[in-house]
Amino acid sequence: MRERMVIGNWKMNPPTIADAVELARSVADRIPAGVLVGVAPAAVALPAVSDALRDTNLDVYAQDVHWEERGAFTGQIAASMLRGLATGAIVGHSEVRRDQCDDDARVAKKLARTVTAGLRPILCVGESAAEHEAGNASVVIVRQIAADLAEAPRRGLQRLVVAYEPIWAIGTGNPATGEWATLEVRAIRAALKHAGLDAEAIPILYGGSVSARSVAEFAAADGIDGALVGGASLDPDEFAAIVRAFG
Ligand code: PGA
């Protein structure tokens with residue numbers, strides 16, 4: 001039995017650290033047992049949110065880590081700095097790839113840093129709208145998985161989580177279908193297996209406009225073990241409804 005997991009990616013929200021703490025408390029009050037649930041606040045809110053959630057079963061994730069261990073990297077966060085604040089980190093989110101011009105070589109280094117720091121990685125992969133329309137989704141995803149796993153020690157990948165996040169579905173209100181996501185998740189598992197990992201044991205989440213309305217088909221889809229939720233994770237009631245769908 002694979003773990004079922006729902007992670008709220010708060011991105012650059014909510015507006016203040018106090019708001020983030022309040023949101024974290026509201027989410028913690030609402031989540032049922034039986035599903036692993038985490039939230040990923042902005043880096044600056046990690047200490048306060050992790051403090052507020054210390055005696056709850058809600059996990060805290062970072063949204064990114066830097067690929068180097070330390071040094072002259074203004075504005076960046078080293079994986080080691082997250083110890084005690086986060087149980088894991090999102091790695092390779094398409095918005096970070098876009099805004100920091102990260103290629104797969106950098107994502108591979110970030111993944112390696114994450115696992116050597118003892119953090120649980122949530123590796124994001126997914127095709128762009130153009131790649132989707134050209135019929136290249138599976139090719140792109142399989143290539144990403146192979147390249148992104150190239151640097152991490154295999155032993156550190158035992159707790160790997162992968163999120164399939166088609167870029168065209170993120171923040172658009174237009175999620176993929178469960179049927180489509182199932183096909184791509186199958187391609188991801190084949191790529192994980194090809195990379196020498198126990199693919200059947202690795203949870204794979206779907207992300208991209210998951211809402212209380214759209215979640216049912218992903219929860220019912222073959223091979224999908226949870227969701228990475230952006231916009232809808234900022235509403236504690238809606239987020240709790242999404243979590244319950246995977247319970
Ligand atoms: P969304 O974001 O749910 O707002 O589409 C998902 C994500 O980017 O992780």
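This is a predicted model, so every value here is computed, not measured.

(A) The overall build of the chain, seen in detail. The helix and strand inventory of the chain stands at 9 helices and 8 strands. Radius of gyration (C-alpha) of the chain: 17 Å, near the 18 Å computed for a compact globule of 247 residues. Summarising its shape, the C-alpha atoms of the chain cover approximately 45 × 45 × 35 Å along the three principal directions. In the chain, buried positions account for 52% of the 247 residues.

(B) Expanded view of the nonpolar core. Counting residues in hydrophobic clusters, the biggest one holds 67 residues, and the most contacted among them are Val49, Ile145, Leu160 and Leu192. In terms of residue count, helix 1 (residues 17–30) provides more of this core than any other element does, 6 residues in total. Sequence-distant contacts of Leu192, that is, excluding residues within four places in its chain, are made with Ile145, Leu149, Leu160, Val162, Leu197, Ala199, Ile202 and Ile204. Formed by 11 residues, the second largest nonpolar core is a distinct cluster that contains Tyr61, Ile122, Cys124 and Val161.

(C) Region of the structure containing the packing of aromatic side chains. Overall, the coordinates contain 2 aromatic pairs when judged by the stated rule. Through successive ring pairs, a cluster of aromatic residues spans Tyr164, Tyr206 and Phe218.

(D) Spotlight on the site of the ligand. Residues in close proximity to the ligand total 13 residues, the closest being Lys11, His93, Glu165, Gly171 and Ser209. At 2.7 Å, a side-chain N or O of Lys11 approaches an oxygen atom of the ligand. Backbone polar atom of Gly230 to an oxygen atom of the ligand: 2.8 Å apart, as the coordinates give it. For the ligand, the protein covers 95% of the area, taking 280 Å² as the surface of the free molecule. Comparing atom positions with the cavity grids shows the ligand to sit within the second largest pocket. Taken together, the residues of the shell around the ligand sort by class into 4 nonpolar, 7 polar and 2 charged.

(E) The packing of helix 1 against helix 9 (residues 236–245), seen in detail. Two numbers describe how helix 1 lies on helix 9: the axes approach to 9 Å, and their chain directions differ by 40°. Judged by the angle between their axes, helix 1 and helix 9 are oblique. In this structure, helix 1 crosses over helix 9, and the sense of that crossing is right-handed. Contacts between helix 1 and helix 9 pair Leu23, Ser26, Val27 and Arg30 from the former with Pro236, Asp237, Phe239 and Ala240 from the latter.

(F) Structural view of the sheet that holds strand 8 (residues 226–229). In space, the 8 strands of this closed barrel follow the order 1-2-3-4-5-6-7-8, with parallel pairing throughout. The sheet shows a mean angle of 25° between the axes of neighbouring strands, direction not considered. Judged from the 5 bridges that link them, strand 1 (residues 5–9) and strand 2 (residues 36–40) form a sheet pairing that is parallel. Across the sheet, the residue bridging to Asn9 is Ala40, located in strand 2. On top of the sheet, helix 6 (residues 137–148) reaches strand 5 (120–125) and strand 6 (161–164); it is set at about 145° to strand 5, its chief contact.

(G) Local environment of unusual backbone geometry. For the bond running from Asn13 to Pro14, omega is -20°, close enough to zero to count as cis. Assignment of secondary structure puts Pro14 in the loop between strand 1 and helix 1. Positive phi values are uncommon outside glycine, yet Lys11 reaches one of about 50°. On the secondary structure map, Lys11 appears in the loop between strand 1 and helix 1. On the basis of relative accessibility, which here comes to 21%, the residue Lys11 falls in the partly exposed class. At Cys101, a position not held by glycine, the phi torsion is positive, near 55°. Mapping Cys101 onto the fold places it in the loop between helix 3 (94–99) and helix 4 (104–116). Judged by relative accessible area, which is 59%, Cys101 ranks as exposed.

What counts, and where the lines are drawn
Residues numbered from 1 in each chain as written. Predicted model: local features only at pLDDT ≥ 70, side-chain atom pairs only at ≥ 80, totals over all residues. Heavy atoms only, no water. Helix = DSSP H or I, 4+ residues; strand = E, 2+ residues; numbered from the N terminus. Rg over C-alpha atoms; globule rule 2.2 N^0.38 Å. Buried < 20%, exposed > 50% of the residue type's maximum accessible area, 1.4 Å probe, protein only. Core = buried A, V, L, I, M, F, W, Y, C linked by side-chain atoms within 4.5 Å. Contact = heavy atoms within 4.5 Å. Phe/Tyr/Trp six-rings, centres within 6.5 Å; stacked < 30°, edge-to-face > 60°. Near = heavy atom within 4 Å. Polar contact = N/O pair within 3.5 Å; in protein donor to acceptor, adjacent residues only side chain to side chain. Areas by Shrake-Rupley, 256 points an atom, 1.4 Å probe, with all protein chains shown as cover. 1 Å grid on protein atoms, 1.4 Å probe; cavity = no way out; pocket = protein on both sides within 12 Å on 5 of 7 lines; lining within 4 Å. Sits in = over half its atoms within 2 Å of the grid points. Nonpolar A, V, L, I, M, F, W, Y, C, P; charged D, E, K, R; others polar. Axes fitted to C-alpha atoms, helices over the stretch in contact; angles between N-to-C directions. Parallel < 35°, antiparallel > 145°, perpendicular 65-115°, else oblique. Left-handed = near helix turned anticlockwise from the far one by under 90°. Pairing = 2+ DSSP bridges.

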